[in-house]
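# Summary of the model geometry
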Amino acid sequence: MLFRSLTGVVTHGLGAAYKFGPAQASAALIHSSRKSLLVSQSSMKVELLPALTDNYMYLLIDEETKEAAIVDPVEPQKVVEAVKKHGVKLTTVLTTHHHWDHAGGNEKMVKLVSGLNVYGGDSRVGALNHKVTHHNTFKVGSLNVKCLFTPCHTSGHICYFVTKESSSEPPAVFTGDTLFIAGCGKFFEGTADEMYKALIEILGRLPPETRVYCGHEYTINNLKFARHVEPRNDAIKKKLAWAKDKYDKGEPTIPSTIAEEFTYNPFMRVREKSVQEHAGHTDPVATMGSIRKEKDNFRVPKN
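This text gives an overview of the structure that appears in the document. (Residues numbered from 1 in each chain as written. Predicted model: local features only at pLDDT ≥ 70, side-chain atom pairs only at ≥ 80, totals over all residues. Heavy atoms only, no water.)

### Re the overall build of the chain
Within the chain, the regular secondary structure consists of nine helices and 17 strands. Taken over 303 residues, the chain has a buried fraction of 57%. Sequence-distant contacts in the chain: of pairs separated by 6 or more residues, those separated by 24 or more amount to 56%. (Helix = DSSP H or I, 4+ residues; strand = E, 2+ residues; numbered from the N terminus. Buried < 20%, exposed > 50% of the residue type's maximum accessible area, 1.4 Å probe, protein only. Contact = heavy atoms within 4.5 Å.)

### Comments concerning the environment of H278
Within the secondary structure, H278 is located in helix α8 (residues 273-279). According to the relative accessible area criterion, H278 is partly exposed, its value standing at 29%. For the pair H278 and V229, spaced 49 residues apart in sequence, the C-alpha separation works out to 6.1 Å. With sequence-adjacent residues up to four places away left out, H278 is seen in contact with H228, V229, I291 and E294.

### Details of the pattern of salt bridges
Here the structure, examined in full by the defined rule, presents 16 salt bridges. Two residues, E165 and K139, come together in a salt bridge whose shortest N-O distance is 4.0 Å. With a gap of 26 residues between them, E165 in the loop between β12 (158-163) and β13 (172-176) and K139 in strand β10 (residues 137-140) connect regions that are remote in the sequence. Overall, the relative accessible area of 55% leaves E165 in the exposed class. The salt bridge involving E251 is made with K246; its shortest N-O contact spans 3.2 Å. Exposure class is identical for E251 and K246. Each is buried. Residues participating in the shared-partner salt-bridge network are K45, E63 and K66. (Salt bridge = Lys/Arg side-chain N within 4 Å of Asp/Glu carboxyl O.)

### What to know about the environment of D177
Position of D177 among the secondary structure elements: in the loop between β13 and β14 (179-180). Among the residues examined, D177 registers a relative accessible area of 5% and is labelled buried. Sequence spacing of D177 and T154 is 23 residues, and the spatial spacing of their C-alpha atoms is 8.8 Å. Apart from the residues lying within four places of it in its own chain, the contact partners of D177 are H97, H102, H153, H157, C184, G185, G215 and H216.

### Things to note about the environment of S256
With respect to the secondary-structure elements, S256 resides in strand β17 (residues 256-257). Not counting chain neighbours up to four residues away, the residues in contact with S256 comprise I181, T210, R211, V212, E261 and Y264. At a separation of 2.6 Å, a polar atom in the side chain of S256 contacts the side chain of E261. (Polar contact = N/O pair within 3.5 Å; in protein donor to acceptor, adjacent residues only side chain to side chain.)

### With respect to the pairing of strand β4 (residues 44-51)
Among the eight residues in β4, seven count as buried, and that is most of the element. The pairing of strand β3 (residues 34-40) with β4 spans four bridges and is antiparallel. Residue pairing in the sheet places V39 in a bridge with V46 of β4. Here β3 folds back onto β4, and the loop between the two strands holds three residues. Both β4 and strand β5 (residues 55-62) contribute to a ladder of eight bridges, which runs antiparallel. Counterpart to L49 in the pairing with β5 is M57. What sits between the antiparallel neighbours β4 and β5 is a turn of three residues, in which L52 has the positive phi angle 50°. (Pairing = 2+ DSSP bridges.)

### Let's talk about the nonpolar core
Core analysis: the biggest nonpolar cluster contains 37 residues, and L48, Y58, Y160, F174 and Y213 have the highest contact counts within it. Contact partners of L48, with chain neighbours within four places excluded, come to S36, L37, V39, Y56, M57, Y58, Y213, P252 and I254. (Core = buried A, V, L, I, M, F, W, Y, C linked by side-chain atoms within 4.5 Å.)

### Overview of the sheet that holds strand β11 (residues 143-149)
Pairing in this open sheet of six strands is mixed, and the strands run β10-β11-β12-β13-β16-β17 from one edge to the other. On the outer flanks of this sheet lie β10 and β17, each paired with one strand and no other. Sheet analysis places β11 next to β12, joined by six bridges and oriented antiparallel. Each residue of the ladder has a partner; that of V145, found in β12, is V162.

See below:
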């Protein structure tokens, strides 16, 4: 099933022009197509490639060398097509965690493109040939990649922080299923204390302008829960209205920034009195555990 292409440019409120590419033939919960999005900076480009029902793969391109990396290539053929479209050399796979919808395409990816460096923090990651841990660093072309170990959703989860030396442009972080826009991943293999460290002490200490590229399009449902936790938070109300409009058009709600997450993400706001009062705790870690348990059982309202 094919959908017509849509091209255009929006500023997205983050200072750089975001270019919309061809519509993707991926089903979404409400909209019949999900569009790709190209975030262009002078040092790097990031193309959001919708996959499965609500996943995102990310093609990271170093503008200086035209070398590229792909984050969580669960649909390898789409990746090959995007690489060909941009005329870049794919050298690297960045795997956030071992779950099938993130790492399930690795084995096919390395068959389609030879010589790939496959990074990940968990032996359960398919085709892994570079196991990494916290603060390991390497390069994709001239871009610097730092590994951030964020166990909780899975015990080997890695986020990838990407910077360019001497650049004044925002860095990027690929957060998999640790940090979502206005949410966080379920604690499948970890604790509230681990998620607190991941969100507040590791990701939360990145530069505030860092752009957040997460693993799923969960933004609307996350914001509805955030509104439930903080019904008087205007940042949540505004972001939810914006996200609904984007989603109705089939457009991504990603990326956000670390600074934005601190204004509307309840899991990044566990030190705030309003969130603690909702949870009935004064300790941030206890608050983290309480609201995660509540969200696990939250019935999302229609509006």
